Amino acid sequence: MEFLPAEGKADGFALTETGDYAAVDYHGEIFIVPTEQGIGEMKQVTASPWRDRFQDFSPDGKSLAYISDQSLEEEIWLYSLDSKQHKKLATHPSTKNSFVWSKDSKQIAFSAANKLFIIDVAAGQMKEIDSHEAGGFSLHEFSPDGKWLVLTMRDDEANADVYLYDIAAKKAYDVTPNPFRDSGSTLTPDAKYLIFSSARNNGVNHLFKVSLAKFTEDPDDPLVKERLKKEEKPQRKEAKDAAAPPPSITVNLEGIDRRAVQITTGTNAAGAYFLSKDGQTIYFMSSDEQGPALFSITVDGKDRKKVVEGTFRDLMPTADRKMVFYRQDNNLYKMDLANKKKEKINFNFTVTVDRRAEWEQIFEESWRVMKYRFYDPKMHGKDWDAIKRVYKPLLKYVGDNQDVYDICNEMIGELNASHTGVSGPTREAPPTYRTRYLGFEMEPDKTSGFYKVSHIYRKGPADKEWLNIKEGDYVFALDGTQIKAGDNYWKLLNGTLNEYVTVSVGSEPDPKGKTVRSLRMKTVPSLMDIRYEEWVEGNRDYVDKISEGKIAYVHIRSMNQPSLVRFQNEISQFANKKGIVVDIRYNGGGNIDQEILDILERRPYEFWNSRWGARTWGRRPSQAIAGPKVMLINWRSASDSEVAPMGFRDLGLGRIVGNPTNASVIATGGYGLINGGSIRTPGSLVVTYDPTKPNNYGINLENYGVAPDVFVKNTPEDELKGFDRELRTAVDEALKMLKEGKWQYEK
């Protein structure tokens, strides 16, 4: 058994309407805690080894709905605050992570497996009401009368629009039709307008307002505004005197795309938001020159103000909009909107963890996550249920978390798929010494009995003109401590007091000779990047030499944004070379294949030349290589650095040299486990485009391995000699292509 004190930590939370209590989940258990010190007591809602979370109070405050996997499927459960009874409401094999309550607390809506469901809470009955193949439904809220749902759906072009869904008619009305992505919507209290987020303005998410009814007069006319304001007052008074029925929705789609009005503006996006009680003010997250903050603005887009600076994770207001609750560093806070006073909510309860029972939960969740998230619904032809029956009995032999991870990984390994695996939470390494590096290598000289400088890393800390260290120099001392050949000098560089180290060197094997000098050198904590840059520069020099300056060389270290920016700069630098070798060896992947191939696809089409400039200045596009292109691959090219060469071939951009890639190509994601561990979830197929096949699907790149056009592989002897046979072959191929004259596009 293990006992985990919460100490104010919350993995998630929900509020009662008044905010006097919060339901927090921590390590898979849900507790209700008072939000004001000394008022009220804590209550435990769940107590099991299973994962209970995503809780939400019913609007009437009588129930708490949550999602639990105690049935070995994620299902929606209901907890009665009066009877303390739990009841399972949903039964559907799928992943679930959200749901919405109707305003009268009688219904719950949720989406799973691209289907839309409504639950009759009192009857405990679930009904499937619709399905949508292109990504399902993202639910936002029920209408006040419970007859409509506000939701987002995407189409085959991945465009997302906000819809009003008539539950009885099972009909969706697109209220934000446009070719941009819209989401995050809510109705104004009178149900006449819809507030939503859209990236339609230069790709920056901002808030918009759209009238559901057609305009019969100019909404910006001051006289119209004056009349409407006067008409509002008796309505507000009437609402106080008697409970008015919830407003109903009337939607007119004709011309609705022209009725959307932008509320927020600027270069910084508007994030999470909520409306004031009367619906006249919007509070939203954004940023300015000072950083992130909470802002307010009228629903007409006027009187923008900064409410308070800071980051407010999971921002949630009380029903009266006087307080907001949020998380910071996984601690729960509240803030009074009137005086901006922030206060941490202090609570502490203990979660009792039955380790052996939790190991079963981790196993079951890992199996279930792969079942629903794996890119191939046929599970690579494996009987996933049968595989579970083989591995689950092994849990009785488990002694710690790593044993569970090992069993899960063996089970997942049956799928014969890449980008998978279960691992534990990252832990801080124990404090220890840190080695500093001088930027040069030393080897013992038997004749003199001293160390000699055998290599100086290019552009490293020792490669400075004021130091003037040369290969062959003798090293006599480090920080005043004399060293001789064979001494372990690394202990002098472990945990050095200062960043700079004094090194005694000389060109003759005499520590007291005339050439001896004492050098103050800046050390570095790692040579990894320095060695890499030296390797790249060495390759570039080699290519330049053997091609007589005709062929450029670039290496793409990783398929990430920094590597893309570097690649773009280098292509611009070498744009007038007659050809290029794009080296993608030792690249573990990422997601920039589209951008890389886009640049390599470019061909010159014009010159824009002034009278006095060089002809080469004016070629368009300037960021392109006009001559032959060779892509260099090897068995350590993996994932997205396999996607790129396959696309390179299919687009006919050049030739591929090297040896087959790693055969590990699935678009993957991650999923957090109950104990802080994680599982990689390969959720997307990566397949070549083939218009002659169904769905235009060609070759599945998983377990495929991109083969080169010209096969070559460095031998162990090559490695010992420092000879890169693969690179030499790539350059030879580029020169061969150049000679063929078929790969030049320069006018």
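Up top is the structure.
No experiment lies behind these values; they were computed from the predicted model shown. Every chain is numbered independently, its residues counted from 1 as its sequence is written. The predicted nature of this model means local features are confined to residues of pLDDT at least 70 and side-chain atom pairs, given and counted, to a pLDDT of 80 or more, with totals for whole chains, interfaces and linings taken over all residues. Each side-chain value is derived from all of the structure's non-hydrogen atoms; neither hydrogens nor water enter the calculation.

A. Broad picture of the nonpolar core. Residues F567, V582, I596 and L600 are the most contacted members of the largest nonpolar core, which totals 29 residues. Among the secondary structure elements, those contributing two or more residues to this core are β38 (551-555), α7 (561-573), β39 (579-583), α8 (593-601), β42 (629-633) and α9 (640-650). The residues touching V582, leaving out its near neighbours within four places in the chain, are V554, I556, F567, L600, V630, M631 and L632. In plain words, nonpolar cores are sets of buried Ala, Val, Leu, Ile, Met, Phe, Trp, Tyr and Cys residues tied together by side-chain atoms within 4.5 Å. The buried label goes to any residue with under 20% of its type's maximum accessible area, the exposed label to any with over 50%, and the partly exposed label to all in between, with areas taken from a 1.4 Å probe on protein chains only. In this structure, M370, M379, I387 and I666 belong to the second largest nonpolar core, which totals 28 residues. A run of H or I in DSSP counts as a helix once it spans at least four residues, and a run of E counts as a strand once it spans at least two, with each numbered from the N terminus. The contact criterion used throughout is that any non-hydrogen atoms of two residues lie within 4.5 Å.

B. View of the packing of aromatic side chains. Stacked, edge-to-face and tilted labels apply to pairs of Phe, Tyr and Trp rings (six-membered ring for Trp) whose centres lie within 6.5 Å, assigned for plane angles under 30 degrees, over 60, and everything in between, in that order. Considering all chains together, one arrives at 18 aromatic pairs under this definition. Ring centres of F110 and F117 lie 4.9 Å apart, and the angle between their planes is 10°; on these two criteria the pair is classed as stacked. Neither residue differs from the other here; F110 and F117 are each classed as buried. Relative to Y333, the ring of Y326 lies with its centre 5.6 Å away and its plane at 10°, an arrangement referred to as stacked. For the pair shown, Y326 and Y333 are each scored as buried. Members of the aromatic cluster, joined through ring pairs, are Y26, F31, F347 and F349. Sitting over the face of the ring of F295, R304 holds its NZ or CZ atom 4.7 Å from the ring centroid. Its guanidinium or amino end placed over the ring of W635, R636 lies 6.0 Å from that ring's centre, counting from NZ or CZ. We count a charge as sitting over a ring when the NZ of a lysine or the CZ of an arginine lies within 6 Å of the ring centre and within 35 degrees of the ring normal.

C. Molecular detail of the side chain of T661. Note on placement: T661 falls in the loop between β43 (655-658) and β44 (667-672). Residue class for T661 comes out buried when judged on its relative accessible area of 6%. There is a polar contact of 2.7 Å between the side chain of T661 and the backbone nitrogen of V706. Setting aside anything within four residues of it in sequence, one finds T661 in contact with I633, N634, W635, S637, S641, E642, G705 and V706. Counted as a polar contact is a pair of N or O atoms within 3.5 Å, where, for protein atoms, one must be capable of donating a hydrogen and the other of accepting one, and residues adjacent in sequence contribute only when both atoms are in side chains.

D. Just the sheet that holds strand β19 (residues 193-201), in detail. What makes two strands pair is DSSP finding at least two bridges between them. Here we have 4 strands laid out as an open sheet, ordered β18-β19-β20-β21, and antiparallel in their pairing. Two strands in the sheet have a free side with no partner beyond their single neighbour: β18 (182-187) and β21 (261-262). Direction of pairing for β19 relative to strand β20 (residues 204-211): antiparallel, over a ladder of 7 bridges. For S198, the partnering residue across the bridge sits in β20 and is H206.

E. Representation of the pattern of salt bridges within the structure. Whenever Lys or Arg places a side-chain nitrogen within 4 Å of a carboxyl oxygen from Asp or Glu, that contact is recorded as a salt bridge. Using the criterion set out here, one finds 43 salt bridges in the structure. The shortest N-O distance in the salt bridge between E309 and K306 comes to 3.1 Å. If you follow the salt bridges from partner to partner, you end up with R51, R53, D69, E74, E365 and R368 in one network.

F. Inspection of helix α3 (residues 384-391) at higher detail. Those residues of α3 not exposed but buried are W384, I387, K388 and Y391. What you see down the axis of α3 is that its buried residues fit within an arc of 105°, all on one side. Opposite the buried face of α3, by more than 90 degrees, sit the exposed residues R389 and V390. For α3, the elements touching its buried residues are α2 (355-373) and α4 (401-413). Here the arc refers to the directions that run from the helix axis out to each C-beta atom.

G. Region of interest: the sheet that holds strand β15 (residues 148-154). A sheet is described by the order of its strands in space; here 4 strands give the open sequence β14-β15-β16-β17, paired in antiparallel fashion. The two strands at the open ends of the sheet, each matched to only one other strand, are β14 (138-142) and β17 (171-174). If you compare each strand with its neighbour and ignore which way they point, the axes differ by 30° on average. Inspection of the sheet shows β14 paired to β15 by 4 bridges, in the antiparallel sense. Paired with S138 across the two strands is T152, which belongs to β15. Where helices are involved, their axes are fitted lines through C-alpha atoms of the stretch in contact, as for all axes, and angles between N-to-C directions lie from 0 to 180°.

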